[in-house]
Amino acid sequence: MNDILGNWKRSHYCGQLRATDIGQEVCVMGWVQRRRDHGGLIFIDLRDRDGIVQLALDPDRDPEAHAKADRVRNEWVIAAVGKVSPRPEGTVNPKMPTGEVEIEISELRILNQAQNPPFMLDEFTDVAENLRLKYRYLDLRRTSVQNCLMLRHKVTRSARKYLDDNGFLDIETPVLTKSTPEGARDYLVPSRVNAGQFYALPQSPQIFKQLLMVSGFDRYAQIVKCFRDEDLRADRQPEFTQIDCEMSFVDRDDVMDIMEGLISTIFKETIGVELKLPMPRISYAEAMDRFGVDNPDLRFDMELVDITPIVKGCGFKVFASVAEQEGGLVKAINAKGCATFSRKELDDLTEFVAIYGAKGLAWVKIQEDGSWQSPIAKFFTEQELAEIGKTLDAEPGDLLLFGADTATIANEALGRLRQHLGQKLGMVSKDDFRFVWVTDFPLLEWDSEEKRHFAVHHPFTAPLDEDVSHIDTDPGKVRAKAYDLVLNGSEIGGGSIRIHDSSVQQKMFDLLGIGEEEARAKFGFLLDALAFGAPPHGGIAFGLDRLVMILAGTDSIRDVIAFPKTQKATCLLSEAPSEVDEKQLRELNIRLSARAKKD
RNA sequence: GGGGCUGUAGUAGAGUCGGUUACAACGCCGGCCUGUCACGCCGGAGGUCGCGGGUUCGAGUCCCGUCAGCCCCGCCA
């Protein structure tokens, strides 16, 4: 039988109690973390969200409470009243914040019993993630997991305050909305009232926040769920949260300035880190040139070096032919002090770059006497060797790694290799926060399979003023008023100045191969709105989950989401998704294909 | 759609070259213990070796398939 809570009121959270509370009568409630039975004396570590405090139950003080403590097991829910007391000489536990005190219990109530949990709820056992997710409500009792979600709360609180202080209005946008082409795959919701028609869950509130600017709200911000039906990754969930912002009468620098303020406020208020502003800004072209990727990790150097001009016409066919090819690129990085890498390690690196399409990875070990140990050294003249070495700042003990391919593959392979080596060589610290704005992205990219342009950012992104003139003659060269904020190699936010002229927007749809009729059908309401006096405007959206991941120092987005989904987009706790009743389907006018039924 | 890693008591692991009854730890249950704090000591229970098939005299171990979880490529305006 359980006791009732009765008129007991909690006076303190467990983790609050300190030596300064000694002498107070307190009432605490929580879960039994651990029970230590000494035959006479019983100790209970009581846990709530704030921490752990030790309860001491002496049979001489209250036999009834002691008898109850004898029955208690791990994870039972209890309430206790008693006096905060100093621990006897020599029994203070310096590992616990509450370790100077204990509560001498005078009365104990067992509020609920608990089955033995399927895994230990301490910080010492590494439990398989599928089990943790199935019993997520138990997993979430663990201090380390609770801390992540409390940090997330602090981040959103801090963001809301900053945005409010800076005039942003929090306005909700629809969750049941319209499917739009381009972008990610939509999650669809059937409409019962309109047979055969579907809503889509928003990939982002993009169009609605632009409409709010047309309405004159001037500044909008929302912490909002977004949905994308794409495959999952360590940092990607099908439903995720954005800090979504939009501002009127601004250009790029205005948005970046005020958003740097947001990020630095969050860092200061959540983990006490003071960021240096303004954050560095580099162009997309520079990012690709120096780092091979548009999300460079600036915590270490090892930049990519272009040696295409040097190897043009050299004796090594692989390099020479790429160098002479239109769009070919030969680049290299210098892994300082890595000449000690084994054959196996070099093979692993070769395998690594193959993932990104590289056909091989040439390497050179610089020996102590300055000579080159390399399968390819013999193809180069002394002068070429010297020039390559000088360009790469090669010194004895260094390992030079080369990629030769199309610009896309060479950059990506070496860029990823650079980030891989930075990790492998321990050149990155989780306490080091290096931000960079990447700007001047291309507006469009050419899809050779579908033979049309796609918007690199999204179809509402404005071109750079100075590039507008060649939008018709050379659309691939047009740069966008877009910007990504990159932190430690992770894209944590991105945005742009939008097109606010309906004729420019119409032209953009033309470029994307979206005909006038289709544009009207899909985006007519936006085009109409832009024609009714839309102000210049732009904005940004931050990935809240990714931001919290970095602040928490974790590598999995699931650690910062209370109820995350598995890589197959299922919820092991609720067992969603699941089949539904035939009746529900009938109401929605949906019939399953034979294949879906069989599965 | 593709590549890779993992799967053995409740948990996390060991299990050699294919060979007798699958190990020890933590947890759990019982007993003892009045200053522990991941308490200690004694005893006990607990196994579909993910699942299915194959090779073999014999499979946790080798092979094939499959399922689940994870990491990655594609995908993610």
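Residues numbered from 1 in each chain as written. Chains lettered and ligands numbered in written order. Predicted model: local features only at pLDDT ≥ 70, side-chain atom pairs only at ≥ 80, totals over all residues. Heavy atoms only, no water.

A few words on the overall build of chain A. On a plain count of helices and strands, chain A comes out with 17 helices and 21 strands. Once the C-alpha set of chain A is aligned to its principal axes, its extents read approximately 95 × 75 × 55 Å. Within chain A, buried positions represent 48% of all 599 residues. For chain A, the accessible area works out to roughly 30300 Å², and carbon and sulfur atoms hold 49% of it. Side chains of chain A give 75 positive and 96 negative charges; the mean places of these two sets differ by 5 Å. (Helix = DSSP H or I, 4+ residues; strand = E, 2+ residues; numbered from the N terminus. Buried < 20%, exposed > 50% of the residue type's maximum accessible area, 1.4 Å probe, protein only. Areas by Shrake-Rupley, 256 points an atom, 1.4 Å probe, with all protein chains shown as cover. Lys, Arg positive; Asp, Glu negative; His and termini not counted. Charge placed at Lys NZ, Arg CZ, Asp CG, Glu CD.)

You can read the domains of chain A as domain 1 (2-112), domain 2 (146-175 + 203-280 + 436-573) and domain 3 (300-427). The C-alpha centroid of domain 3 is placed 63 Å from the C-alpha centroid of domain 1. (Domains from an automatic or database assignment.)

Let us now look at the sheet that holds strand β5 (residues 101-112). Strand order in the closed barrel formed by 5 strands is β1-β2-β3-β5-β4, with mixed pairing between adjacent strands. Geometrically, the sheet is characterised by an average inter-axis angle of 55° between neighbouring strands, direction not taken into account. Judged from the 7 bridges that link them, strand β2 (residues 42-48) and strand β3 (residues 51-57) form a sheet pairing that is antiparallel. Among the inter-strand pairings, R47 is bridged to a residue of β3, identified as I52. The strands touched by helix α1 (residues 63-71) are β1 (25-37), β2, β3 and β5; relative to β5, the strand with the most contacts, the crossing angle is about 65°. (Pairing = 2+ DSSP bridges. Axes fitted to C-alpha atoms, helices over the stretch in contact; angles between N-to-C directions. Contact = heavy atoms within 4.5 Å.)

Attention now goes to the packing of helix α5 (residues 206-214) against helix α14 (residues 516-530). For the pair α5 and α14, the least separation of the axes is 10 Å and the interaxial angle reads 20°. As summarised for this structure, α5 and α14 are arranged roughly parallel, according to the angle between their axes. When the axes of α5 and α14 are compared, the crossing they make is left-handed. On α14, the residues touching I207, Q210, L211 and V214 of α5 are F523, F525, L526 and A529. Of the residues assigned to the contact of α5 with α14, the class counts are 7 nonpolar, 1 polar and no charged. (Parallel < 35°, antiparallel > 145°, perpendicular 65-115°, else oblique. Left-handed = near helix turned anticlockwise from the far one by under 90°. Nonpolar A, V, L, I, M, F, W, Y, C, P; charged D, E, K, R; others polar.)

Attention now moves to the pattern of salt bridges. Throughout the structure, instances matching the rule amount to 45 salt bridges. Here K430 ties to D555 by a salt bridge, and the two come within 3.5 Å at their closest N and O atoms. Remark: D555 occurs in the loop between α15 (544-552) and α16 (582-587) and K430 occurs in the loop between α12 (407-424) and β16 (435-439); sequence separation between them is 125 residues. On the basis of relative accessible area, D555 is assigned to the exposed category, the value being 57%. (Salt bridge = Lys/Arg side-chain N within 4 Å of Asp/Glu carboxyl O.)

This next bit is on α14. For α14, which comprises 15 residues, the first-to-last C-alpha distance of 16 Å sits more than 12% below the rise-based estimate of 21 Å (1.5 Å per residue). Its axis deflected by about 90° at F523, α14 carries its strongest bend there. Those residues of α14 that sit buried are A519, F523, G524, L526, L527, A529 and L530. The inward-facing, buried residues of α14 abut α5 and α13 (502-511). (Expected span 1.5 Å × (residues − 1). Bend = angle between axes of the 7 residues up to and from the residue.)

A word on the packing of helix α10 (residues 343-354) against α12. For the pair α10 and α12, the least separation of the axes is 9 Å and the interaxial angle reads 135°. Overall, the two elements α10 and α12 adopt an arrangement that is oblique. Seen along the crossing, α10 lies across α12 with a hand that is right-handed. Facing α10, whose interface residues are E345, L349, F352 and V353, α12 presents A413, R416, L417, H420, L421 and K424. In the contact of α10 with α12, the residues fall into 6 nonpolar, 1 polar and 3 charged.

Here we take up the confidence of the model for chain A. Averaged over all residues, the pLDDT of chain A equals 95, while 99% of them reach at least 70. The ipTM, which scores confidence in the relative placement of chains, is 0.94 for this predicted complex, and the corresponding pTM is 0.95. (pLDDT = per-residue confidence, 0-100.)

Within soluble globular proteins, side chains that are nonpolar generally end up buried alongside one another. Residues I243, M259, L262, I263, F267 and F435 are the most contacted members of the largest nonpolar core, which totals 75 residues. It is helix α6 (residues 252-271) that provides the largest number of residues to this core, a total of 8 residues. When near neighbours in sequence (up to four residues on either side) are disregarded, F435 contacts I263, F267, L275, M279, P280, L298, L485, V486, L487 and I492. (Core = buried A, V, L, I, M, F, W, Y, C linked by side-chain atoms within 4.5 Å.)

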